[in-house]
Structures are given as C-alpha cells and as structure tokens.
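Structural description and commentary
Spelled out, the chains give:
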Amino acid sequence: LEHLLVNDDDLAGFYLPDTFHIYYLGFGKEFAASSLIYIMKTVFKKRKLESSLEPLNDCLQRYRQLHKKERANFGRKISLELLGYKSGRVYPSGHWSKGADTAFVTKFIDWLMVEIFRGDHGDEWGSDAILHGIQAYGKAVGAFLRILYASGYFLESNDAREAIFNGLACSRQFVALATLCVGQKLCLFKVTPKLHMFCHVLLAMLQQYRIDPTAVINPLAQATFQCEDFVGRVARLSRRVSPKIHGTKVILSLGT
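The text that follows walks through the structure, step by step, so that each part is easy to find. (Residues numbered from 1 in each chain as written. Predicted model: local features only at pLDDT ≥ 70, side-chain atom pairs only at ≥ 80, totals over all residues. Heavy atoms only, no water.)

Helix α5 (residues 129-150) packs onto helix α3 (residues 99-117) with a crossing angle of 135 degrees between their chain directions and a minimal axis gap of 9 Å. With respect to α5, the element α3 is oriented oblique. The crossing of α3 and α5 is left-handed. Touching Ile109, Asp110, Met113, Val114 and Phe117 of α3 are Leu131, His132, Ile134, Gln135 and Gly138, all from α5. Grouping the amino acids of the contact of α3 with α5 by side-chain chemistry returns six nonpolar, three polar and one charged. (Axes fitted to C-alpha atoms, helices over the stretch in contact; angles between N-to-C directions. Helix = DSSP H or I, 4+ residues; strand = E, 2+ residues; numbered from the N terminus. Parallel < 35°, antiparallel > 145°, perpendicular 65-115°, else oblique. Left-handed = near helix turned anticlockwise from the far one by under 90°. Contact = heavy atoms within 4.5 Å. Nonpolar A, V, L, I, M, F, W, Y, C, P; charged D, E, K, R; others polar.)

A separate point is the nonpolar core. Core analysis: the biggest nonpolar cluster contains 67 residues, and Phe108, Ile134 and Phe189 have the highest contact counts within it. Looking at this core, the elements with two or more residues in it are α1 (19-42), α2 (53-66), α3, α5, α6 (157-183) and α7 (193-211). Not counting residues within four places of it along the chain, the set of residues in contact with Phe189 comprises Phe31, Ser34, Ser35, Tyr91, Ile130, Ile134, Phe174, Leu177, Ala178 and Cys181. (Core = buried A, V, L, I, M, F, W, Y, C linked by side-chain atoms within 4.5 Å. Buried < 20%, exposed > 50% of the residue type's maximum accessible area, 1.4 Å probe, protein only.)

For the rest of this paragraph, the subject is the packing of aromatic side chains. Per the counting criterion, the structure on display carries 16 aromatic pairs. Between Tyr63 and Phe104, the aromatic rings sit 5.6 Å apart at their centres with planes inclined by 70 degrees, giving edge-to-face as the arrangement. On the criterion of sequence distance, the pair formed by Tyr63 in helix α2 and Phe104 in helix α3 is long-range, its members being 41 residues apart. With centroids separated by 6.1 Å and ring planes inclined at 90 degrees, the aromatic side chains of Phe174 and Phe189 adopt a geometry described as edge-to-face. A residue pair is termed long-range when its members are at least 10 positions apart, and Phe174 in helix α6 and Phe189 in the loop between α6 and α7 qualify at 15 residues. Taken individually, Phe174 and Phe189 each receive the classification buried, so the pair is uniform in this respect. (Phe/Tyr/Trp six-rings, centres within 6.5 Å; stacked < 30°, edge-to-face > 60°.)

Before going further, it helps to examine the packing of α6 against α7. The contact between α6 and α7 brings their axes to 10 Å, and the two run at 150 degrees. The orientation of α6 relative to α7 falls into the category roughly antiparallel. The element α6 and its partner α7 pack so that their crossing is left-handed. Between α6, through Ser157, Ala160, Arg161, Ala163, Ile164, Gly167, Leu168, Cys170, Ser171, Phe174 and Val175, and α7, the contact on the second element is made entirely by Leu195, Phe198, Cys199, Leu202, Met205, Leu206 and Tyr209. Looking at the contact of α6 with α7 residue by residue, the classes come out as 14 nonpolar, three polar and one charged.

In structure tokens, the structure reads:
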C-alpha cells in the first residue's frame, strides 16, 4: 500500500465507504427485520407473536409463487430467530448472511405493504404512520438503488439528482420510523453507525453534483460485490480440494 497515491491532508480518505456492507449488510437488515416484526404485531396480530409467523410465511409463499424469476436463495421460512427477535426489549436485526437476502426481503416487504393497503382492512391500516413510513422507505431506497445499478461509473445529471433525492428521503424516513417507535416505546428501527456512513455517501454525491452535475461518481464503484464473490469462490474450492493442491487450483480457476 505504501506505493499508492494518498492525500496527506486527508489520510482517512484513502478508505472508501462500501455501499454493499453499509446497506445490504448494514441498516438494510435493520429495516427489514424491524418492518416484519411490526407487521406481525399489528397486521397479523395474535395472542403470541410466534403465531403471527404462520400468516406471514403464507404471504411469503405467495410472493415466491408470483416472482419465480427472481434470483434469490432465500428458501427458508421467516422465524423469530432469523429476524434476531429475542424480546420486546431488544432491537431485532436480520440474522441472514447474504446481501442478496436483504434485497429479497425488502422487495417482499414492498409487495406486502401494497397487499395490506388494498386488502379488506386497508382503510384500517391507512392511518398507521409506521406502516406508511415502511412503504415510503421501500419506494425511496428502491428508486435509489435502481438508478445506481442502471448507471455507469459517472451518473447522468438527472439520475444523479434523483439518486441523491431518494437517498436522502430513504435516510430521513428511517430516522422518522425510529422516532415514531421511540414515541410508542417500541424497540424497532435501530439507528446504527452504518446509517451515518450512508449519509456520508450521499453528502459526497451532493458535493460532487454541486461542482459538476455530470461528474457524480456512482457509489457502487466502491462496493465489494465482486470481492465477496471472490472470497466465496476460494471458500468453495477449499472445501472440495485437497490442501496439498489448493493454491494451484485457485490460480488455475482465476485464470479461467
């Protein structure tokens, strides 16, 4: 690393924020777990929270049937353990290990919110600020990520503006959800340092946009999707190849 260029006035700037871990393995998991717990406690309310898992998993099965083309390995049922829910005094957090699972669960929540609001009891839930906040967050983060995935290294000026707007809306909505839950004495939507890091990503985009709207760098350029995939490939090889030839096989696989 000693040969790489670095700004001596900003040594910490050498380390770039990774959107993959900030969102998919960060506050995105907090949102998904807290949203499902709240939906279970309100929409699917039973005498025991465990009993609310059945209608929730029925909805998950319906969602899978309607979206068979989605590439997702989330083949398990939702459980309190998977959501990291121990009691009403502990903040839940998704206990899945793949970023793709966060994307899948968030899309499921978006679909579930539409089903809830247009169902037989849609008017009843229409006045629930937290449910509306969950839906608003899903729309904002979805729009933000779709723009990034569809763009190159530099964002088009219009895309950059929309991405910044939706990113800010997403972060503000998360804090609004946390505030509402604090007011109702609910341990949901824990605000973690990852959300603060996400705001730094948005701030960098905003500063770049103010200098030149056509020179906003796509935050996904700094994400580690491919690095994570590389680690997975090495792990698979290590489980299937003799330790004596492990290094050789890794080099050969990278060559292909």
